[in-house]
Amino acid sequence: MNDTPRRAFGSSAKAKRRDVTLDLPTARQMLPLVISIVRDIVDRRNQLTRLHPEQENLDQHRRDLSWSDRERRYHVQEEIVKAEGAFKQAVAELRDLGIALVDGSTGRVAFPTRINGRPAVFTWQPGEDSVQYWSYEDEDLRRPIPSEWVPGTPLRLKK
């Protein structure tokens, strides 16, 4: 499988569909759709991780296979083609939304934004309740989103 490499959000060699800058409320509103797409990505990746070794084993022994194993070999090949297509389609759906898949194994995604005039991203990954982290585009460090950035959060006085 051709897995998505871990890289900074803006370092893709492919041309961007469009420059997108999202604010935090918009990123959070998009999350239910993004969760569904990421679930498909992670499921297809897990399916491919399971199928590839089986295909390699069947291919290595293709001359000695029983008829049922030969049938299974062709079935596995078809499943892999379908899963790879679904994986690519889901990644394209994210890209069409202006969101990048940062890590295909964890399902981490990046919502492009600007912070202090610099390119940055809000990030989310499965297991997190909401978009809660951010980082500058050229950094791997995920920082918690300060409560002051959340509209409607009461300001606390420092003592």
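Anything mentioned here points back to the structure above.
Computed from a prediction, not measured in an experiment: that's the story for all the values here. (Residues numbered from 1 in each chain as written. Predicted model: local features only at pLDDT ≥ 70, side-chain atom pairs only at ≥ 80, totals over all residues. Heavy atoms only, no water.)

*Asks:* Can you lay out the pairing of strand β1 (residues 100-103) for me, pointing to particular residues and giving the numbers?
*Replies:* Sheet topology places β1 next to strand β2 (residues 108-115); 3 bridges connect them, and they run antiparallel. Bridging from a neighbouring strand, Ala100 pairs with Ala110 of β2. Between β1 and β2, which pair antiparallel and follow one another directly, the connecting turn spans 4 residues, one of which, Gly107, has a positive phi of 85°. (Pairing = 2+ DSSP bridges. Helix = DSSP H or I, 4+ residues; strand = E, 2+ residues; numbered from the N terminus.)

*Asks:* Any details on the pattern of salt bridges? Residues and values, ideally.
*Replies:* Summed over all chains, the structure comprises 6 salt bridges. Across the pair Glu79 and Arg72 runs a salt bridge whose closest N-O atoms are separated by 3.1 Å. By relative accessible area, Glu79 is classed as buried at 18%. According to the relative accessible area criterion, Arg72 is partly exposed, its value standing at 27%. With a shortest N-O distance of 3.5 Å, Arg118 and Asp138 are connected by a salt bridge. With a gap of 20 residues between them, Arg118 in strand β3 (residues 118-124) and Asp138 in the loop between β4 (133-136) and β5 (143-144) connect regions that are remote in the sequence. Judged by its relative accessible area of 62%, Asp138 falls in the exposed class. Linked by salt bridges that have partners in common, Glu54, Arg72 and Glu79 make up one network. (Salt bridge = Lys/Arg side-chain N within 4 Å of Asp/Glu carboxyl O. Buried < 20%, exposed > 50% of the residue type's maximum accessible area, 1.4 Å probe, protein only.)

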